[in-house]
Amino acid sequence: MKGGKLLLGAAVTSVYVFLMLPIAIVVIASFNSGKYLKFPPEGFSLRWYANFFGSQPFMDATLLSFVLAVVAAAVATVIAVPAALYYVRHAGRWRETFRMLTLAPLLLPEILTAIALLFFYYQIGIGTKSALGLYLGHVVICIPFFFLQVTSALYNISPSLEEAARSLGATSWTSFRRVTLPLIKPGVINGALFAFIISFDNVSISLLLKGVGTTTLPMQVFDYLRWDFDPTTAAASTVSIAMTLGAVILVDRLVGLRAMRY
Amino acid sequence: MTKLKLDGLQKHYGTVAAVKGIDLDVAEGELVSLLGPSGCGKTTTLRCVAGFELPTGGRITFDGNEVTMLPPERRDIGMVFQNYALFPHMTVRENLRFGLEMRKVDAASMERRVADVLGMVQLTSMETRYPRQLSGGQQQRVALARALVIEPKLLLLDEPLANLDAKLRDEMRFFIRSLQKRVGITTLYVTHDQAEAMVMSDRIVVMFDGLIHQVGGARDIYDRPATRQVASFIGLSNFVTGRVAGRDGSLWRLETSFGTISCGAGIAPGAGSPATAMVRPEAIDLSAAPVAGAFPGRVSERFFLGNLVDYRITMSDGTLLQVQQPATAAFAPGDEVHATLPAERAWLVRDDAA
Ligand SMILES: Nc1ncnc2c1ncn2[C@@H]1O[C@H](COP(=O)(O)OP(=O)(O)OP(=O)(O)O)[C@@H](O)[C@H]1O
Ligand SMILES: [Mg+2]
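Reference entry: report on the structure contained in this document. (Residues numbered from 1 in each chain as written. Chains lettered and ligands numbered in written order. Predicted model: local features only at pLDDT ≥ 70, side-chain atom pairs only at ≥ 80, totals over all residues. Heavy atoms only, no water.)

**A few points about the overall build of chain B**
- Along the backbone of chain B there are eight helices and 20 strands.
- Dimensions of chain B, computed from C-alpha atoms along their principal axes, come out at roughly 75 × 45 × 35 Å.
- Taken over 354 residues, chain B has a buried fraction of 53%.
- In chain B, 66% of the contacts between residues at least 6 apart in sequence involve partners at least 24 apart.
- Working note: accessible area of chain B is about 15000 Å², and carbon and sulfur atoms make up 51% of it.
- For chain B, the separation between the mean place of its 39 positive charges and that of its 40 negative charges on side chains is 4 Å. (Helix = DSSP H or I, 4+ residues; strand = E, 2+ residues; numbered from the N terminus. Buried < 20%, exposed > 50% of the residue type's maximum accessible area, 1.4 Å probe, protein only. Contact = heavy atoms within 4.5 Å. Areas by Shrake-Rupley, 256 points an atom, 1.4 Å probe, with all protein chains shown as cover. Lys, Arg positive; Asp, Glu negative; His and termini not counted. Charge placed at Lys NZ, Arg CZ, Asp CG, Glu CD.)

**Some details on the interface of chain B and chain A**
- Taken together, the contact between chain B and chain A spans 23 residues of the former and 20 residues of the latter.
- Between chain B and chain A, a total of about 1900 Å² is buried, with carbon and sulfur atoms accounting for 66% of that surface.
- There are three salt bridges connecting chain B and chain A.
- Here A:R166 makes a salt bridge to B:E73, at a shortest N to O gap of 2.7 Å.
- Seen at the junction of chain B and chain A, the total is seven residue pairs in polar contact (both at pLDDT 80 or more).
- Within the residue set of the side of chain B that touches chain A, elements represented by two or more residues are strand 6 (77-80) and helix 2 (92-102) of chain B. (Buried area = accessible area lost by both parts, 1.4 Å probe. Salt bridge = Lys/Arg side-chain N within 4 Å of Asp/Glu carboxyl O. Polar contact = N/O pair within 3.5 Å; in protein donor to acceptor, adjacent residues only side chain to side chain.)

**Here's the deal with the site of ligand 1**
Residue and element names in this part refer to chain B.
- Surrounding ligand 1, one finds Y13, A18, P37, S38, G39, C40, G41, K42, T43, T44 and E159.
- Here an oxygen atom of ligand 1 sits 2.5 Å away from a polar atom, N or O, in the side chain of S38.
- Note that an oxygen atom of ligand 1 is positioned 3.0 Å from one of the backbone N or O atoms of G41.
- About the coverage of ligand 1: the protein hides 60% of its 630 Å² of free accessible area.
- Of the residues forming the shell around ligand 1, the biggest block, three residues, is contributed by helix 1 (residues 42-50).
- Taken together, the residues that form the shell around ligand 1 break down as four nonpolar, five polar and two charged. (Near = heavy atom within 4 Å. Nonpolar A, V, L, I, M, F, W, Y, C, P; charged D, E, K, R; others polar.)

**Here's the deal with the nonpolar core**
- With 116 residues, the main nonpolar core has B:L4, B:F87, B:F98, B:L156 and B:L188 as its most contacted residues.
- Ranked by the residues each element gives to this core, the list is headed by helix 3 (residues 56-90) of chain A, at twelve residues.
- B:F98 has contacts with A:A165, A:L168, A:A170, A:R178, A:V179, B:F87 and B:M90, leaving out every residue within four places of it along the chain.
- B:V244, B:F258, B:V323 and B:A339 belong to the second largest nonpolar core, which has 28 residues in total. (Core = buried A, V, L, I, M, F, W, Y, C linked by side-chain atoms within 4.5 Å.)

**Quick word on the sheet that holds strand 4 (residues 57-62) of chain B**
All names here are of chain B.
- The strand order across the open sheet formed by four strands is 2-1-4-5, and the pairing between neighbours is antiparallel. In this open sheet, the two edge strands, each paired with only one partner strand, are strand 2 (16-26) and strand 5 (65-66).
- Sheet strands touched by helix 1: strand 1 (4-13), strand 2 and strand 4. Its angle to strand 1, the strand with the most contacts, is close to 115 degrees. (Pairing = 2+ DSSP bridges. Axes fitted to C-alpha atoms, helices over the stretch in contact; angles between N-to-C directions.)

**Some details on the packing of helix 1 (residues 2-30) of chain A against helix 11 (residues 232-255) of chain A**
All names here are of chain A.
- With their axes 8 Å apart at the nearest point, helix 1 and helix 11 run at an angle of 120 degrees to one another. Classified by the interaxial angle, the pair formed by helix 1 and helix 11 is oblique. Crossing hand, helix 1 versus helix 11: left-handed. For the pair helix 1 and helix 11, contact is made by I23, V26, V27, A29 and S30 and by A234, A235, S237, T238 and I241, respectively.
- Classifying every residue of the contact of helix 1 with helix 11 gives seven nonpolar, three polar and no charged. (Parallel < 35°, antiparallel > 145°, perpendicular 65-115°, else oblique. Left-handed = near helix turned anticlockwise from the far one by under 90°.)

**Description of the sheet that holds strand 10 (residues 211-216) of chain B**
All names here are of chain B.
- Here six strands make up an open sheet; going across it, the order is 6-7-8-3-9-10 and the pairing mixed. In this open sheet, the two strands that pair with only one neighbour each are strand 6 and strand 10. Each adjacent strand pair in this sheet contributes to an overall mean axis angle of 15 degrees, direction not counted.
- Two elements, strand 9 (residues 203-208) and strand 10, share five bridges in a ladder whose sense is antiparallel. Counterpart to I204 in the pairing with strand 10 is G216.
- Set on the sheet, helix 1 makes contact with strand 3 (31-35), strand 6, strand 7 (154-158), strand 8 (186-191) and strand 9; between it and strand 7 the angle comes to about 150 degrees.
- Helix 4 (residues 136-148) rests against strand 6 and strand 7 of the sheet, and its axis sits at about 170 degrees to strand 6.

**Observations regarding the pattern of salt bridges**
- Summed over the entire model, instances satisfying the criterion amount to 30 salt bridges over all chains.
- It is possible to trace a salt-bridge network through shared partners that takes in A:R178, B:R93, B:R97, B:E101, B:E111 and B:E127.

**With respect to the packing of aromatic side chains**
- The full count for this structure, using the stated rule, is 18 aromatic pairs over all chains.
- Ring centres 5.8 Å apart and planes at 15 degrees place the aromatic pair A:F145 and A:F194 in the stacked group. Taken together, the positions of A:F145 in helix 6 (residues 132-155) and A:F194 in helix 8 (residues 172-201) put the pair 49 residues apart, joining distant regions of the chain.
- With centroids separated by 5.9 Å and ring planes inclined at 70 degrees, the aromatic side chains of B:Y311 and B:F331 adopt a geometry described as edge-to-face. Residue B:Y311 is found in strand 17 (residues 308-315), and its partner B:F331 is found in the loop between strand 18 (320-326) and strand 19 (336-340); the two are separated by 20 residues along the sequence. Comparing B:Y311 with B:F331, the two get one shared label, buried.
- Through a chain of ring-to-ring contacts, the aromatic side chains of A:F52, A:F53, A:F58 and A:Y224 assemble into a single cluster.
- Sitting above the plane of the B:Y222 ring, B:R280 keeps its charged end 4.1 Å from the centroid. (Phe/Tyr/Trp six-rings, centres within 6.5 Å; stacked < 30°, edge-to-face > 60°. Lys NZ or Arg CZ within 6 Å of the ring centre and 35° of its normal.)

What follows is the structure, given as structure tokens:
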């Protein structure tokens, strides 16, 4: 028994080390004073951060990624919450079809979704000249995760709560706002956070759908790495990790991430 | 106070007919139970009245005003759900205020009404608790209070006691009934528990398979069931089949294979037609000596039930009758007995199986 527990502890620890170590190394490497991206670092310096923040392409890419993630999460909220409500409470005969279609972007390889969207954009004439296609693409891949979060939150609350509200005189909108929404709030917030992170990290959709002359942070890191192997990219990654972490902490502070149980 | 009227109410789900056309009048301040086995359409009927389901046929009126297609929030009903459906993120007080807020009641009357109703259900000290901090019985009372505080036209309850233990269920029956009488609200009450329906209701509606078989008081339904299903659903019964031999005033003569019995009827069968009579086990009298109008039989089994003894009597033609007698009467298996089936306790029922 004791041995088993030790073994389990060791296994868990090694998984964490395996997952976290590369991230730690990137963060450490970003403070390297040497000219190359390597570990262990040769000394402490903030020059790569200066390089990163001083670089117009990096700044543009970071801004675009951030705005893209916020917009994608916001638009996905407006689509995924009603979709989940429809699926859980109202969908009839086409219920499963509806679910499969909503989850399709998750089930298909992302690159296929990207290619399909690209063809579609050219067919309908919006192409990739504007950023619209990029935004839509990000929304599309954010929806499935969001939908799943809200769906499971809805399954946890009894439909008779909404009916009780209706019987007490609330319209369907009021009963959603006063009863359903507060109860699924943790699911909605998690969904939005998921959406933000997925969009912020995304490569394959952005690769195909970004307009000419614009680029997202992950793409910019990739492009940069092809020509320069200096720690600027490590600094960029560290900033990106900090932003994701920042989003999680901010949301936690504002509304609390712990599943609210009643 | 409100009169409720259902006219040919129907509800089909695709090809499934849950309610097949029912007519019902509920008078002002009356408590009517919908009673019947699982799946007979009680909940569906109640949900149509509440507005959660739209009927596929028929009309629903409150005080003569048609509400058939109105959404629930415009019907002014109070509903109590089997799982109580209290809002878990609101305190008892907030739960009770919800309906009043929807009605834009002013703050002062809101306070007063919430306090009044909490007093009625004896939960004044629980005002600031969340539902999860209450026992099942307390949650039940909050649910009742929340439905009553809005002073609705109708109170609808769907098996509100099904989740409580037996003792609490007994207490709550009386509690709900006396509260309903005090408030004087017209009430529709769904249950599949016959004892509950008999204790609580002014009238009982017995349903089978989407149709009403009988509407009446507890006595009517027990002593004068309309159909064989009603009789077997409520209490114990013997069914004796035979042919209608004729009529003496209000009684019918039924020729059975162990003899001719007299019985009352709510139907008018033609002479010579097959018919089924129902006799309750406790209505049959047993005696050792032959009595005028009694039929001979033999005790084949005997079970002691405490206050009663339960006999199986085999009649001359092999018909088996269940008879319950006070525990003071003593017959042993094998004894010759004479069974009297009193005309006033025998009743012809509609028997679709026959
Ligand atoms: N949403 C639905 N879709 C299809 N069929 C339904 C639906 N709701 C109810 N039914 C069917 O309608 C019939 C009546 O159901 P209902 O819930 O009214 O029964 P009930 O008398 O309340 O039974 P119980 O005592 O088990 O609650 C059942 O055969 C049921 O399967
Ligand atoms: Mg039911």
